[in-house]
Amino acid sequence: METSVASYYIWSLSHTQVHRRSGQYTMNQEITKVKEKPPFDRSSSQDSVDELRMDDYWTEVDNIKKSSENRQEDQEVVVVKEPDEGELEEEWLKEAGFSILFGESAEDPQERMTFLSTLTRTQAAAVQKRVEMVYQTLRKKNKQHQIPDVRNIFAQRRESKEKAPDGTESQSVRTNENKYQGKDDQACSLVAGEKELIPPEPEEAPASETDIITLEVSFAEQAVNQKESSKDRTQKNKGYDTLLPNFRLPKEKTGTTKIGDLAPEDMKKVCAFALIELTAFCDTLGVELKKQKAVKIKTKDSGLFCVPLTVLLEQDQRKVPGTRIPLIFQKLISRIEEGGLETEGLLRIPGAAFRIKSLCQELEAKFYEGTFNWESVKQHDAASLLKLLIRELPQPLLSVEYLTAFQAVHNLPTKEQQLQALNLLVILLPDANRDTLKALLEFLQRVIDNKEKNKMTLMNVAMVMAPNLFMCHTLGLKFSEQQEFVTMAAGTANIMNLLIKYQDTLWTIPKFLVNQVRRLNTAYLKKDKRVKKKLLKKMAHDREKYEKQDKSTNDADVPQGVIRVQAPHLSKVSMAIQLTEKLKASDVLARFLSQESGIAQTLKKGEVFLYEVGGNIGERCLDDDTYMKDLHQLNPNAEWVIKSKPS
């Protein structure tokens, strides 16, 4: 692209407004091309925004503009409501599971402690800050609510630490973290062996170097320690980075937990803890986290383009029950791959605008009838349709609530902290958005895997896709200066880069969040047991009967050091297995599958998994490298079941 064209789009898009009907950018008619080069800020401590590197980005912006001129759909733009004072904080507390601090249940100190005892120091500080803000707002409004004094709420948490009979903090986060993580959060550091886990300056990091991402300790707690130990080494990421560290996850003996491995109830708790952790993380780093609130608007209730993701899935599930990714999305990716991923310029070269418009109309009319002729769709047309589908979602794929948070990730000091924030944001996405985003990222990685032939490197793909995910849903953001827009463009390209490269890491649930869910479940179980015992004391006969049943359930004929694994859908429905130091989940599965006949064994392999059920977790699918003895020690009351994953 010529310099004048690039400069023109940098300047002109910084003065664009989102059309209230089309949801696309409208250009001021009197704008003329700016001939001088944009002033790029160059620094020895950061990557500069290089015109050549950003070339694909501005070309894609140009293609989007041309495409929007040929689209006359009545797409509605998302309107973001300016929240009332204290409204966001109150909403935050509800979403984080702390509405219990207000209203009728606020008088129950045990109920409050059940929540608060699971938090780290930084998480508790984040909750306290939001409670204080809501408290002050309600006082200003003279609401006739029963508002607990914040000092009393958190004083109980401190008293529980001081008054523990054995001198330990048995009900506090400190003891719980020692039990589940084996580390004191005051002593935790970013050191594995002798190696600091702080990504070096981009220009100094060789591509082959590998750093370990710590998922066992709260990200906010890590940030506190990093601030204390690395005050002079803070990095600023204002440009687009072409050199990224090769981060890897440590092998956890109790197994790695991926999104989709937990039961829905436990996943809800993970999301609540992730929201608190993300807020604490941003508070620690001094970055403002503003969750947007979208006003409900009228959108199309049928069709393919300009249709909400949830509506697409509702339509699809009537055709194919259990569908988690829109059928049109799947079909477009399939069509692109049928043409071969070696095609040079794939995703970068647009389809002809007039053909795209015609294909959209034809798809709307014939897709669900099954009469659409896919042979007529050229590969570059299919790629353009895929990007258009993403771009014209009434609400962005990264969600209205968290889109600006995704954009703000680029302002975090280090690459590791950017990944940690993205990890939490991915967890917080609605299921439909997260599943569709994952399908997109997996496809983009397959394109990059063929870069030697298609000339589409990670950088190229990130540059092309970033405008489609971020640019068309600016939610009213205005850029007053050219450099501000340039920085935003480079930042979103960088985030797109991270999402693609580290997608496997980003879809991993950090161990410290799973452990917090375990602690919360344990606290609820203890509370339920106390209630049950109270009732049984009044009924001596039932109490005796309960104790006998409880004893028989616990002893259950299984010797110490042995677990009984159930497999209701296999030939061998139950097996007692001796725990050893080296026994893994894959070994348990292999023993059961060896009992199957040849064909059945082949069919079942990869379709059935070992699950941890009950105890301090609802249900968790185990990865093959889980060491069973270590997990049994963490959750001794769990049952072990082999079954297939729910669709």
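Residues numbered from 1 in each chain as written. Predicted model: local features only at pLDDT ≥ 70, side-chain atom pairs only at ≥ 80, totals over all residues. Heavy atoms only, no water.

### Observations concerning the nonpolar core
What counts is decided by this rule: For our purposes a nonpolar core is just a set of buried Ala, Val, Leu, Ile, Met, Phe, Trp, Tyr and Cys residues, chained together by side-chain atoms within 4.5 Å. Only protein chains enter the accessibility calculation, which uses a 1.4 Å probe; a residue is then buried when its area is under 20% of its type maximum, exposed when over 50%, and partly exposed in between. Counting from the N terminus, the helices are DSSP H or I runs at least four residues long and the strands are E runs at least two residues long.
With 127 residues, the main nonpolar core has Tyr-57, Leu-347 and Leu-444 as its most contacted residues. With 11 residues, helix α9 (residues 264-285) is the single largest residue contributor to this core. The next biggest cluster of nonpolar side chains, apart from the first, holds 22 residues, and it includes Ile-563, Ala-567, Met-628 and Trp-640.

### Overview of helix α3 (residues 87-95)
What counts, and what does not: What makes two residues a contact is simply this: any of their non-hydrogen atoms within 4.5 Å.
Looking only at α3, the buried set comprises Glu-87, Glu-89, Trp-92 and Leu-93. Where α3 is buried, its residues contact α5 (121-140) and α9. Phi for Gly-97, located one or two positions after α3, is positive at around 90°.

### Considering the packing of aromatic side chains
As a reminder, the rule being used: Between rings of Phe, Tyr and Trp, where Trp is taken as its six-membered ring, a pair exists when centres lie within 6.5 Å; planes separated by under 30 degrees are stacked, by over 60 edge-to-face, and by other angles tilted.
Applying the stated criterion to the full structure yields seven aromatic pairs. Relative to Phe-512, the ring of Phe-219 has its centre 5.1 Å away and its plane inclined at 75°; by these criteria the two rings are edge-to-face. Here Phe-219, found in helix α8 (residues 219-229), pairs with Phe-512, found in helix α21 (residues 511-537); they are 293 residues apart in sequence, far enough to count as distant. The buried category is assigned to Phe-219, whose relative accessible area is 1%. Accessibility expressed as a relative area gives 1% for Phe-512, which makes it buried. Ring geometry for Phe-247 versus Tyr-502: centroids 5.7 Å apart, planes at 55°, classification tilted. Taken together, the positions of Phe-247 in strand β7 (residues 246-248) and Tyr-502 in the loop between α19 (482-501) and α20 (503-506) put the pair 255 residues apart, joining distant regions of the chain.

### Observations concerning the sheet that holds strand β15 (residues 639-644)
Spelled out, the test is: At least two DSSP bridges between two strands are needed for those strands to be called paired. Note on geometry: axes are lines fitted to C-alpha atoms, helical ones only across the stretch in contact, with angles between N-to-C directions running from 0 to 180 degrees.
Ordered in space as β12-β11-β15-β13-β14, the five strands form an open sheet in which the pairing is mixed. What marks the edges here is a single partner per strand, and that holds for β12 (574-578) and β14 (617-621). Looking at each pair of strands side by side, their axes are set apart by 25° on average, direction ignored.

### Observations regarding the pattern of salt bridges
Applied cut-off: The salt bridge criterion pairs a side-chain nitrogen of Lys or Arg with a carboxyl oxygen of Asp or Glu, the two atoms within 4 Å.
Applying the stated criterion to the full structure yields 24 salt bridges. Across the pair Asp-625 and Lys-584 runs a salt bridge whose closest N-O atoms are separated by 3.6 Å. Remark: Lys-584 occurs in the loop between β12 and α23 (585-593) and Asp-625 occurs in the loop between β14 and α25 (628-634); sequence separation between them is 41 residues. The partly exposed category is assigned to Lys-584, whose relative accessible area is 22%. Within this structure, Lys-129, Arg-130 and Asp-283 form a network of salt bridges that share partners.

### Some remarks on the confidence of the model for the protein
Predicted coordinates in regions of low pLDDT should not be interpreted in detail. What counts, and what does not: A residue's pLDDT is the confidence the predictor assigns to it, expressed on a 0 to 100 scale.
Taken over all residues, the pLDDT of the protein has a mean of 76, while the share at 70 or more is 66%. Taken together, the stretch residues 1-52 has pLDDT below 50 and engages in 109 contacts with residues farther than four places along the chain or on a different chain. Low pLDDT (under 50) marks residues 473-477, which in the prediction has 17 contacts with non-local residues, meaning those over four places away or in another chain.

### Brief notes about the environment of Ser-644
Along the chain, Ser-644 turns up in strand β15. When its relative accessible area of 42% is taken as the criterion, Ser-644 is described as partly exposed. If sequence neighbours within four positions are ignored, Ser-644 has contacts with Glu-607, Val-608 and Tyr-611.

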